[in-house]
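Structure assessment
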Amino acid sequence: MTGILPSYQRFVNGVPVPSISRRSFRLREKYLIISVLLTFAIVWLGALFYLPEFKSSTSVNDSVYNVYKRIQKAGPELLMPPPLAQNEVGDFPVVGIVRHGEEGDDPHVVEDRNRLLAKIDEEMGMKVLERPQFDVAPSISSSKGPSKPPVNAIEEPVLGNNAANKDIPVSDLKVDGSLKQYVVPAIDPSTDPDIIQKRDTVKEMMRHAWNNYKLYAWGKNELKPMSKRAHLTSVFGGGDLGATIVDGMDTLYIMGLIDEFREGRDWIAEHFHINEIDSDLSVFETTIRFVGGLLSCYALTGDSLFRDKAAEVADALLPAFDTPTGLPYALINPSNKANRQYHWAGANSILSEVGTLHMEFTYLSDVTGNDVYRQKVDRIRQVLYNIQKPDGLYPNYINPRTGQWGQRHTSLGALGDSFYEYLLKAWLVSNNEDEVARVMFDEAMQAALDKMLRISPSGLAYLAEVKYGRIFEEKMDHLSCFAGGMFALASTTLQNSLSERYMDVARKLTHTCHESYDRSETKLGPEAFRFSGAVEARAMKSNEKMYLLRPETFESYFIMWRLTKDQKYRDWGWEAVQALEKHCRVEGGYTGLVNVYHSAPQGDDVQQSFFLAETLKYLYLLFSDDSLLHLDEWVFNTEAHPFPIKGKNPLYRSANKLIANSGNEDNQV
Ligand code: DMJ
């Protein structure tokens, strides 16, 4: 035994090692405590001098204040954690689900967030509390619907039934100079408490998506709801184009979220300048989301800001049409006007892109009086009308220099989809005047149904992909799920030899798309699903198993509900709402999913702008009265932005005079 040793005596391999003496240990402790206190004192003094509340008028402090403001403005970028990337084993982060009644509704969290929101508003110069006065806005509810007592209306709607069937220019709407506020469109005669509750649930979802975008990514294009910062690699890149704002505006308006709508309107007025964007923008995406979104807001409100901004965007795109055929290039840089094609498409443009500009450009010409936009899309129409179609089908690729088809690959999903949709809708929105469009639509659909429509062994109808006249893949994209609604609209708007078949196909395709949802663990549908042997309506490859918050299936539920009144479409829509709440809702918004077949799916950490523009709008309308955006008076563009039907809907707002061209060299045809 070694006898009694001090308790702090240490041994290494049985040999005592010298220890720090009590005296030196205390001295070190003292030094440590003094230096900690000193650090606190320095930080405290620093805060006293540099925080904005204490700023004095000296120029040094002003510049410190400016730096502080700049850092604060760039807040999410500088302060948020790095993006949630795939980890080493290829996993994405698991979605942290926040349900009602859990942390998401914790009053303290809500209060903190509200305080933070107010602080951001106050300090970032967003001026969301200052409300400008607007042009007049009549009700958007149909004159055809049941009588509608205005709920929450700021002012009485201007238009009565006698105004129907007459196109009313904006100036005529200003009958009463006192009508300077937007009219809240929350007019819905539904009395069924169950339906009202469902509609209100969707409205709350919109608030959650919007508020979080506002909190973490305001002015940027999209939100990363899991990492709570801006999504800088969205389709519109990292610039400050506010894609979520512009895309989401009309949904806010339709839902009666007028304060949020005004915040968006303020941002567009002050910060939306497309010509400052120095990166490549897709002509198609910019048209359907920005021009489409702004034009819808113009129709709904009559506020000329939206019309003028829509024209500004379209003008920025015009140089892309400067090709030998008039078919536009895919991408344009608004600041230097450089055009280019997608690398993966070679020299070709894409059918769904060049063919999905017609609604926006013709309507823009009508409301501005500037014919240049219509001339651009008429030229595209001419090319596609005249070109020879192999087997009556339109291939997905076309060269804008030669006007020749590229690869003979045809699809009603990616790369083809909305070209067909716009043939039908160009006819509808023109009040059936654009007859060529309807003829082209019926001919294309006849060929498509003959060559692409297939029935699985268990009886599910689907639209396969065709290459060089043969079935290429027994696969249907989620994107093609819009087709149910399209065929139903085609069926009910014209009686011809195809009408009955159209409605039958519409029912069957919508059923198949629902099956693709129902056969997944999450009850949300995959990006693409296949039919191969025993596999039916299920994704097989990993990149097909994602759910990107897409709207197409719900779009078809909505149109089918309006046109058939079959209760199952509302039931399916409600299943979808519950699935979105369970799997996609996170504290910071809504995320897409990496694999819909997992019971605890991982999030992709992107809140797509079309989730606000389309997904939530169609779900909301599914639980609203038919008179809200009546299908006899409105046609939805491919991004779900409603356009008034010419000659039928008084909100069409044609300009009084037509300008042959703008006089701008760039705009000459
Ligand atoms: C939207 O931008 C539009 O619906 C487009 O036509 C196709 N893709 C997305 C939504 O999935």
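For the structure, check the block above.
Residues numbered from 1 in each chain as written. Predicted model: local features only at pLDDT ≥ 70, side-chain atom pairs only at ≥ 80, totals over all residues. Heavy atoms only, no water.

**Regarding the pairing of strand β16 (residues 528–532)**
By the criterion of burial, β16 is predominantly enclosed, with four of the five residues buried. Note: strand β15 (residues 475–477) against β16, three bridges, orientation antiparallel. The residue of β16 that forms the bridge with lysine 475 is arginine 530. In this structure, β16 lies alongside strand β17 (residues 535–538), joined through three bridges in antiparallel fashion. Across the sheet, arginine 530 pairs through a bridge with arginine 538, a residue of β17. (Buried < 20%, exposed > 50% of the residue type's maximum accessible area, 1.4 Å probe, protein only. Helix = DSSP H or I, 4+ residues; strand = E, 2+ residues; numbered from the N terminus. Pairing = 2+ DSSP bridges.)

**Here we look at the sheet that holds strand β13 (residues 465–467)**
Pairing is antiparallel across the open sheet formed by three strands, whose spatial order is β10-β13-β14. Strands at the two margins of the open sheet, each flanked by one partner only, are β10 (409–410) and β14 (470–473). In terms of strand pairing, β10 meets β13 through two bridges, oriented antiparallel. Counterpart to histidine 409 in the pairing with β13 is lysine 467.

**Some remarks on the site of the ligand**
Residues in close proximity to the ligand include Ile288, Arg289, Leu479, Arg550, Pro551, Glu552, Phe610, Glu614, Thr638 and Glu639, which together make up its full environment. Take glutamate 614: an N or O atom from its side chain is 2.9 Å from an oxygen atom of the ligand. Interatomic distance of 2.8 Å between a side-chain N/O atom of threonine 638 and an oxygen atom of the ligand. Across the complex, the protein chains shield 92% of the 290 Å² of accessible surface that the ligand would expose by itself. (Near = heavy atom within 4 Å. Polar contact = N/O pair within 3.5 Å; in protein donor to acceptor, adjacent residues only side chain to side chain. Areas by Shrake-Rupley, 256 points an atom, 1.4 Å probe, with all protein chains shown as cover.)

**A closer look at the nonpolar core**
By size, the foremost hydrophobic cluster in this structure holds 161 residues, and its most contacted members are Ile268, Phe272, Met445, Met486, Phe487, Tyr547 and Leu580. By residue number, the principal contributor to this core is helix α9 (residues 283–301), which donates 11 residues. The residues contacting tyrosine 547, other than those within four sequence positions of it, are His478, Tyr517, Leu524, Gly525, Phe554, Leu580, Cys584, Gly592, Leu593, Val596 and Thr615. Listed in part, the six residues of the second largest apolar core include Ala330, Tyr342, Ile350 and Tyr397. (Core = buried A, V, L, I, M, F, W, Y, C linked by side-chain atoms within 4.5 Å. Contact = heavy atoms within 4.5 Å.)

**Observations concerning the sheet that holds β16**
Here we have three strands laid out as an open sheet, ordered β15-β16-β17, and antiparallel in their pairing. Looking at which strands have only one partner, the edges of the open sheet turn out to be β15 and β17. Between one strand and the next, the sheet's axes are offset by a mean angle of 15 degrees, whatever the strand orientation. Sitting on the sheet, helix α17 (residues 499–518) touches β15, β16 and β17, and the angle it makes with β16 is about 100 degrees. (Axes fitted to C-alpha atoms, helices over the stretch in contact; angles between N-to-C directions.)

**Thoughts on the pattern of salt bridges**
It is possible for side chains of opposite charge to pair when their charged atoms get near one another. Applying the stated criterion to the full structure yields 34 salt bridges. Notably, a salt bridge pairs aspartate 308 with arginine 307, separated by 3.1 Å at the nearest N-O pair. The partner of aspartate 442 in a salt bridge is arginine 438, and the shortest N-O contact between them spans 3.1 Å. Of this pair, aspartate 442 and arginine 438 both sit in helix α15 (residues 435–452), four residues apart, which is roughly one turn of that helix. Arginine 438 matches aspartate 442 in its accessibility class, with the two residues each being buried. Each of Glu222, Glu285, Arg289 and Glu639 takes part in one network of salt bridges that share partners. (Salt bridge = Lys/Arg side-chain N within 4 Å of Asp/Glu carboxyl O.)

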